[in-house]
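Residue strings, one per chain:
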Number of protein chains: 4
Amino acid sequence: MMKLLSIRQQLYEIVFGTETKAGRYYDICLIVAILLSVVVVIIDSIEGFSHQTETALLLLEWGFTLLFTFEYLLRLWISPKPLAYARSFFGVVDLLAVLPSYLALLVTGGQYLLIVRIFRVLRIFRVLKLVRYLGEANILMRSIIQSRRKILVFFLSVGILITLFGALMYAIEGPENGFTSIPLSIYWAVVTLTTVGYGDIAPQTPMGQAIAALVMLTGYSILAVPTGIVTAELSTEMMRQRSLTRCQQCERGNHEADAEFCKYCGTELPEPLIKDPSLS
Amino acid sequence: MMKLLSIRQQLYEIVFGTETKAGRYYDICLIVAILLSVVVVIIDSIEGFSHQTETALLLLEWGFTLLFTFEYLLRLWISPKPLAYARSFFGVVDLLAVLPSYLALLVTGGQYLLIVRIFRVLRIFRVLKLVRYLGEANILMRSIIQSRRKILVFFLSVGILITLFGALMYAIEGPENGFTSIPLSIYWAVVTLTTVGYGDIAPQTPMGQAIAALVMLTGYSILAVPTGIVTAELSTEMMRQRSLTRCQQCERGNHEADAEFCKYCGTELPEPLIKDPSLS
Amino acid sequence: MMKLLSIRQQLYEIVFGTETKAGRYYDICLIVAILLSVVVVIIDSIEGFSHQTETALLLLEWGFTLLFTFEYLLRLWISPKPLAYARSFFGVVDLLAVLPSYLALLVTGGQYLLIVRIFRVLRIFRVLKLVRYLGEANILMRSIIQSRRKILVFFLSVGILITLFGALMYAIEGPENGFTSIPLSIYWAVVTLTTVGYGDIAPQTPMGQAIAALVMLTGYSILAVPTGIVTAELSTEMMRQRSLTRCQQCERGNHEADAEFCKYCGTELPEPLIKDPSLS
Amino acid sequence: MMKLLSIRQQLYEIVFGTETKAGRYYDICLIVAILLSVVVVIIDSIEGFSHQTETALLLLEWGFTLLFTFEYLLRLWISPKPLAYARSFFGVVDLLAVLPSYLALLVTGGQYLLIVRIFRVLRIFRVLKLVRYLGEANILMRSIIQSRRKILVFFLSVGILITLFGALMYAIEGPENGFTSIPLSIYWAVVTLTTVGYGDIAPQTPMGQAIAALVMLTGYSILAVPTGIVTAELSTEMMRQRSLTRCQQCERGNHEADAEFCKYCGTELPEPLIKDPSLS
């Protein structure tokens, strides 16, 4: 029993940790497996392969499914709090990475082609397993989180703009010029405001073209707003040069580099040991 | 009489204010009603529903119209200066939210289909009632207002550029390649400069393609200008915000928004006098 | 003679200056005339008007031409250095604003339709007369001029990139997929890199689509470079808060707001009187 | 022998150096030769020339090939470490500039048209010889290199996003609406996320259009991230530059690049030790 606990402890450091050499090797192997399995899903969607290739792809696919199933069960077993892991973002992602393959087995009738296709495509959500290695607590994420309120206000404004512009174009151009309903006109407004411009729906009347020009110039200009928000936040963040020091009284971190006292409780801070590596 | 005044006072705090609990509930209900009524207008524009669904949509639509009419009259009654409210931006918006529905009743003849369509679409201006909740006095708006002169100069320059490029393309490509008039060529210039690129009008001659490439590169580069303006203004604004609170012990500023103690001497910081809610 | 000189002096202040009331009125009238004459040129390009309307447009056009001719001669007469004015940017623009109308008179034969069209379109260069009122010495222009070397390096890099990508796509896709020559492929590369995307030429082979995706991601990312340059320059410029103070020893300006000594000769600077209005 | 060494030394300063007058002339001649030879390759790809013009282009092409071959051998000979040069980026570029012309001689059979076309197009890689003159050690490159980790994280996130969005659209729209495989759907996701928008593949179902609108808004917003990274890095870099020179009298820094006297005390500033040429 004691030995089993010790094995679980060691496995925990390999599977969840990144400090040990074995842990790093495990991570690299897993990244390679994820990338390969995603490539298999992508290739699988191309039609016109020989029967032989399709069998090989099927075998590979089941190999990866079993591997990720084993990994999920392993993580559940070695985690000190299995339920917390299963409910966490990565627990859900790890489950989603294997679930569609098993669910696809249940619907084998030829008449449910669409559902089978959806299940086969859903296997691509495996790619989310890579998010674990993006270093989610980095400076980029922090800047975006800190400016989430401003970004939300920006998106609400964009939402109001596209609703108004879409409805206006529906009234001016009308179904006879391809703007068959307000939802489609709103879709056109998004295509135009974001400067994508497919050209599948385009204004035909001079009045519609004038409004369209206005939508384009608006979209071209307000692009400055999210950029300004993220840039200003990133600049401030980079200048702050936050240290990794934590207050010994209230155990809260996120202090600026020139701080000598904790900003939350006023206690003197210890000398900083190492700076945040993502800042250098 | 005294009681009626007191009721008006209480209603004023609920309808116009956001501090009381009842005021917040009122706001949430109104937001939900606005969103639902906008969804009804959008769905109403899709053709091919059964007679039953169309009747349901008509009933819902009149329900929302009566609700917003009642709200408008209520606001007129409880406002201390009804005329000032009626003339204000939100007064006009509240009126516009109900007016088209009543006006559409006046033109019921089958021959005025276009006008009926326009009135039905105009009901979407209800979405502007949401602007009230965007927190219009926030840091984003202030940055844009402060840089309005620079943005105006930028738009005038863009206006001169598209006029010149449009006329040039009209001369080079001409009506035989789809550039039938200068207004249409200016529309093409807007489509190209803003990098939307529908492709409904595209240069055919090598000379025209060279000029088009120049327009694209210009549009691609000058996008930097509004972004630069807004970013520089936002950064300044955010730095200004930091220096508002100063320590009463050591008189040093530059504290973060969530700091409660001075990071230089550990003294408790005073409450900030004006705290911008969009910063937290 | 003395009186004539005095009239020239007064006219100079009205026509070239902006300080006097008459000078401001003159400017406003000229701006209105420029805008109206540009509108006439734009409307003139639309086909299908009645004979009557075309005659009215012709009369209006000649009215504006005579007005701008008179203005050009007036400026030549009252300018203290007529040759310097004629050679300056605005002198050339003022001449170009009237020249095409006179040149179009020389080619009246029906067989030179294209040349006549070009001359008629060239009249739109009148719009450049508006540049005088854009306040060309403002903070935007200064930022762009200060970063001209970096912007040049950026454009050279973009030039090398589009040449390489264009040639690569010509080799991969070839004439059979619409990429008929390297110049056309370079045009495609510009359309794609600047994210315009007309869709008139689009890659058909999987290999070509992979390269195209690379071009798009490159264009999407390097857009950050000119924006970064202009923003960084604008921020620095706005923080510097240059004062209008000039050194009394070497008569050079452009000092920072906190400068107490001239950075060019070391003399103490006088107290600043007014700050740069374009900065506030 | 001694004399030969001296000639090698002198040639080295001309060919590799830029300080001497002869070195600058050599550089200008080489730049002109590169640009002309690239123009020849571009023109050569246009079909429909007369036999005479094609012969002239062939002669010019071989002239440039021999010139660049001679230059490559010269550089190999005069370089103090020929092997290090041959292995360096510019050594490889110089070799690639001549190799395709010789390789094209080996495949003269009429049946290898595609290979001949590829070899002829590869000659355009000569344009990379220009990179030598872009001043590769400038502030732009340094900013991009310093933020390479953040940019990599950004591209990985974009990669995950386009994989997910592409697979989702393949499941929703399916082969019947042009989304024939996941690779093609990922290509569509790149076209849409980067706001290029060719329109060759466009969603047809309302559900697909809703997802497409989401992809567009995502692409429109996350464009802010690379811009923010580069801008913040460039600003920091430019501010760092300002603090390099300090006054020897009052020990204060933050002087402008063109300052010769301290703006705080009027003392002459020392010569800056390293002066970035890209800043002036």
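Keep in mind the model is a prediction, meaning the values are calculated, not measured. (Residues numbered from 1 in each chain as written. Chains lettered and ligands numbered in written order. Predicted model: local features only at pLDDT ≥ 70, side-chain atom pairs only at ≥ 80, totals over all residues. Heavy atoms only, no water.)

## A short note on the pattern of salt bridges
Thinking step 1. According to the stated counting rule, one finds 36 salt bridges over all chains in the structure shown.
Thinking step 2. Of the charged contacts in the structure, one is a salt bridge between B:E71 and B:K129, with a shortest N-O distance of 2.8 Å. Here the residue B:E71 occupies a position in helix α3 (residues 51-78), and B:K129 occupies one in the loop between α7 (113-122) and α8 (139-146), the gap between them amounting to 58 residues. Considered together, B:E71 and B:K129 belong to a single accessibility category, that of buried residues.
Thinking step 3. Among the charged side chains, a network of salt bridges with common partners joins A:D44, A:E61, A:R120, A:R123 and A:R126. (Salt bridge = Lys/Arg side-chain N within 4 Å of Asp/Glu carboxyl O. Helix = DSSP H or I, 4+ residues; strand = E, 2+ residues; numbered from the N terminus. Buried < 20%, exposed > 50% of the residue type's maximum accessible area, 1.4 Å probe, protein only.)

## What about the domain arrangement of chain A?
Thinking step 1. We note that the domain assignment places domain 1 (2-133) and domain 2 (134-244) within chain A.
Thinking step 2. Its C-alpha centre places domain 1 of chain A at a distance of 36 Å from the equivalent point of domain 2 of chain A. (Domains from an automatic or database assignment.)

## So, the interface of chain A and chain B
A common way to express how large an interface is: the accessible area buried when the components associate.
Thinking step 1. At the junction of the two partners, chain A supplies 63 residues and chain B supplies 61 residues.
Thinking step 2. On inspection of chain A and its partner chain B, the count reaches zero salt bridges.
Thinking step 3. Between chain A and chain B we count five residue pairs in polar contact (both at pLDDT 80 or more) in total.
Thinking step 4. Elements supplying a minimum of two residues to the side of chain A that touches chain B: α9 (148-172), α10 (182-193), α11 (206-222) and α12 (224-240) of chain A.
Thinking step 5. Looking at which element gives the most residues to the side of chain A that touches chain B, the answer is α9(A), with 13 residues.
Thinking step 6. Its residues assigned to classes, the side of chain A that touches chain B shows 35 nonpolar, 17 polar and eleven charged. (Contact = heavy atoms within 4.5 Å. Polar contact = N/O pair within 3.5 Å; in protein donor to acceptor, adjacent residues only side chain to side chain. Nonpolar A, V, L, I, M, F, W, Y, C, P; charged D, E, K, R; others polar.)

## Observations concerning the packing of helix α3 (residues 51-78) of chain D against helix α6 (residues 99-106) of chain D
Residues and elements named next belong to chain D.
Thinking step 1. Remark: α3 packs on α6, axes separated minimally by 9 Å, with the N-to-C direction vectors making an angle of 120°. Classed by the angle they form, the pair α3 and α6 counts as oblique. Of the residues in α6, those touching α3 at E61, W62, T65, L66 and T69 are S101, Y102 and L105. (Axes fitted to C-alpha atoms, helices over the stretch in contact; angles between N-to-C directions. Parallel < 35°, antiparallel > 145°, perpendicular 65-115°, else oblique.)

## So, the packing of aromatic side chains
Residue and element names in this part refer to chain A.
Thinking step 1. Overall, the coordinates contain 32 aromatic pairs over all chains when judged by the stated rule.
Thinking step 2. When the centroid spacing of 5.7 Å and the interplanar angle of 70° are considered together, the rings of F154 and F155 count as edge-to-face.
Thinking step 3. Of the aromatic side chains, those joined through ring pairs into one cluster are Y12, F16, Y72 and Y85.
Thinking step 4. Over the aromatic face of F16 sits the side chain of R75, whose NZ or CZ is 4.9 Å from the ring centroid. (Phe/Tyr/Trp six-rings, centres within 6.5 Å; stacked < 30°, edge-to-face > 60°. Lys NZ or Arg CZ within 6 Å of the ring centre and 35° of its normal.)

## Topic: a nonpolar patch on the surface
All names here are of chain A.
Thinking step 1. On the surface, Y25, I28, V32 and L36 cluster together to form a nonpolar patch covering roughly 400 Å² of accessible area.
Thinking step 2. Note on placement: Y25 falls in helix α2 (residues 21-44).
Thinking step 3. Assessed through its relative accessible area of 53%, Y25 is described here as exposed. (Patch = residues over 30% accessible without salt bridge, like charges linked within 9 Å, V, L, I, M, F, W, Y side chains within 5 Å. Areas by Shrake-Rupley, 256 points an atom, 1.4 Å probe, with all protein chains shown as cover.)

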